[in-house]
Amino acid sequence: MLEHPILVSDRSGRILLANARATQRLEFHGFTFDANLNLFSDVLRVHQKVILDQIEGGEHQGRSRVRWVVREWVFARIQWLPEGDWLVVRIEDAEERKAVALTSTAQHTVQELLQEREITYRNLLAAYLRLQEVNRQKTVFLGLGGS
């Protein structure tokens, strides 16, 4: 699986942790990972209320299309961890989403081919067993006729 940028913030949006990929992406966009960086206003460019309304509405996981640090649109999977009142955000690029979708489609196609092969094998086996039975009955019939 592809390693996604992952950020952890508190409810106010203060970023507490970032994996290496997220840190690289932040640096690419001119940010440094520090305590003053806000998940909502600086990084995702989404109003905090939108995410918190989802959480307070009982959803522990949300998904939003957001503008990642101004320049690009990405999908953000936001999961609330109530134990620490943390938000865990996984960023998915459009290219990565396409790659995952293609992999999923390829796996589905391979699975279909394997199922078709199994069905064909079972049909051939059933036909072979019927042919053996017909041959057995023919042998019995010819044996009775020759007496």
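For clarity, every value in this text was computed on a predicted model and none was experimentally measured. Starting from 1, residues in each chain are numbered consecutively following that chain's sequence as written. Local features in this predicted model are restricted to residues of pLDDT 70 or higher, and side-chain atom pairs are both shown and tallied only at a pLDDT of 80 or more, whereas totals for entire chains, interfaces and linings draw on every residue. Excluded from the side-chain calculation are hydrogens and water; included are all heavy atoms of the structure.

### Regarding the pattern of salt bridges
Right, on to step 1. By convention in these notes, a salt bridge is any Lys or Arg side-chain nitrogen within 4 Å of a carboxyl oxygen on Asp or Glu. Taken as a whole and assessed by the stated rule, the structure comprises five salt bridges.
Right, on to step 2. The residue D10 makes a salt bridge to R14 at a minimum N-O spacing of 3.4 Å.
Right, on to step 3. For D53, the salt bridge goes to K49, with nearest N and O atoms at 2.9 Å. Here the residue D53 and the residue K49 both occupy positions in helix α3 (residues 48-56), the gap between them amounting to four residues, near one helical turn.
Right, on to step 4. Accessible area is worked out with a 1.4 Å probe on protein chains only. A residue is then buried under 20% of its type maximum, exposed over 50%, and partly exposed in between. Given a relative accessible area of 48%, K49 falls into the partly exposed group. Numbered from the N terminus, helices here are DSSP runs of H or I no shorter than four residues, and strands are runs of E no shorter than two.

### Thoughts on a nonpolar patch on the surface
Right, on to step 1. A surface patch of nonpolar side chains, amounting to about 440 Å² of accessible area, comprises Y121, L125, Y128 and L129.
Right, on to step 2. Looking at the element boundaries, L129 is found in helix α4 (residues 94-145). Residues with no salt bridge and a relative accessible area higher than 30% make up the patches, which join like charges within 9 Å and nonpolar side chains (Val, Leu, Ile, Met, Phe, Trp, Tyr) within 5 Å. Where accessible areas are quoted, they stem from the Shrake-Rupley method and a 1.4 Å probe; at the residue level, only the protein chains shown are allowed to cover.

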